[in-house]
Amino acid sequence: MEELNLAVVYYSSTGTNHQMAQWAEEAGKSVGANVRLRKVAETAPMEAIEQNPAWKEHYEKTQNIEEASTDDLDWADAIIFSVPTRFGVEASQFRAFIDTTGGLWAQGKLVNKVTSAMTSAQNPHGGQEATVLSIYKTMAHWGAIIVPTGYGDPVQFASGGNPYGVSATVDENGIVGDIEDAVKSQARRTVEVAKWLKDGQGK
Ligand SMILES: Cc1cc2nc3c(=O)[nH]c(=O)nc-3n(C[C@H](O)[C@H](O)[C@H](O)COP(=O)(O)O)c2cc1C
């Protein structure tokens, strides 16, 4: 078995997607992948962050996490993205990062990356599926391999059954329900698919 590199790239203002990314990191390691957990750089001005105590606290708490770079994408065989929903699409911080990938794209280095995406939103129907699908549009432009969650693992029914990628609903107490197993299942599946492709073995 060759080495398998997984990059878990997330953006989070108030911690939800950070938590989901950590679960994905844990699951990736549990199936033997080398994992890089990376946060997308903050682009909002400090005045905005400081107006929201939860945002400020999370921002300060995660200063030690390395920021995502295009090198992480180049290094990775598999990439999992976790990004909050903002008005029905991904947070702009994530789009700013994606907009730095033109060089890799031009060299064809994003082709066949094995990718999967997760999100969170305040409302179950507030754009969760739309956000994951929006990320997948970019993956199509990359020529990446998209790994949806589907319904192959029953744990996905328990987490709301978003077949595109796990999505969390968040209220004032944090993530609603227990989606940890669903996130971990998605991460393991993404790594498995990447392994099949890397080893040239089908299932
Ligand atoms: C500017 C803004 C726009 C948002 N738009 C939506 C939305 O369209 N639908 C929704 O259900 N929640 C929306 N939310 C709630 C966020 O999705 C929620 O705060 C986020 O998923 C929490 O993730 P985080 O803790 O990782 O930052 C919005 C929040 C902000 C600040």
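About the thresholds
- Residues numbered from 1 in each chain as written.
- Predicted model: local features only at pLDDT ≥ 70, side-chain atom pairs only at ≥ 80, totals over all residues.
- Heavy atoms only, no water.
- Axes fitted to C-alpha atoms, helices over the stretch in contact; angles between N-to-C directions.
- Helix = DSSP H or I, 4+ residues; strand = E, 2+ residues; numbered from the N terminus.
- Parallel < 35°, antiparallel > 145°, perpendicular 65-115°, else oblique.
- Left-handed = near helix turned anticlockwise from the far one by under 90°.
- Contact = heavy atoms within 4.5 Å.
- Nonpolar A, V, L, I, M, F, W, Y, C, P; charged D, E, K, R; others polar.
- Core = buried A, V, L, I, M, F, W, Y, C linked by side-chain atoms within 4.5 Å.
- Buried < 20%, exposed > 50% of the residue type's maximum accessible area, 1.4 Å probe, protein only.

A.B. asks: What should I look at first to understand the packing of helix H1 (residues 16-30) against helix H9 (residues 180-199) in this one?
C.D. replies: The relative placement of two packed helices is expressed as an angle between their axes plus a distance between the axes. Close contact between H1 and H9 brings their axes to 8 Å; oriented N to C, the two are set at 50°. Considering their axes alone, H1 and H9 lie oblique with respect to each other. Judged by the sense of rotation from one axis to the other, the crossing of H1 with H9 is right-handed. Of the residues in H9, those touching H1 at Met-20, Trp-23, Ala-24, Glu-26, Ala-27, Gly-28 and Ser-30 are Glu-180, Val-183, Lys-184, Ala-187, Arg-188 and Val-191. Its residues placed into classes, the contact of H1 with H9 shows seven nonpolar, two polar and four charged.

A.B. asks: Got a minute to help me understand the nonpolar core in this structure?
C.D. replies: Soluble, globular proteins show a tendency: their nonpolar side chains are buried together. By size, the foremost hydrophobic cluster in this structure holds 28 residues, and its most contacted members are Leu-6, Val-8, Met-20, Ala-24, Ile-179 and Val-183. Looking at this core, the elements that each hand over two or more residues are strand E1 (5-10), H1, strand E2 (34-39), strand E3 (78-86), strand E5 (114-121) and H9. At six residues, the largest contribution of residues to this core is made by H9. If we ignore the near neighbours within four places in the chain, the residues touching Ala-24 are Leu-6, Val-8, Ile-80, Met-118, Val-183 and Ala-187.

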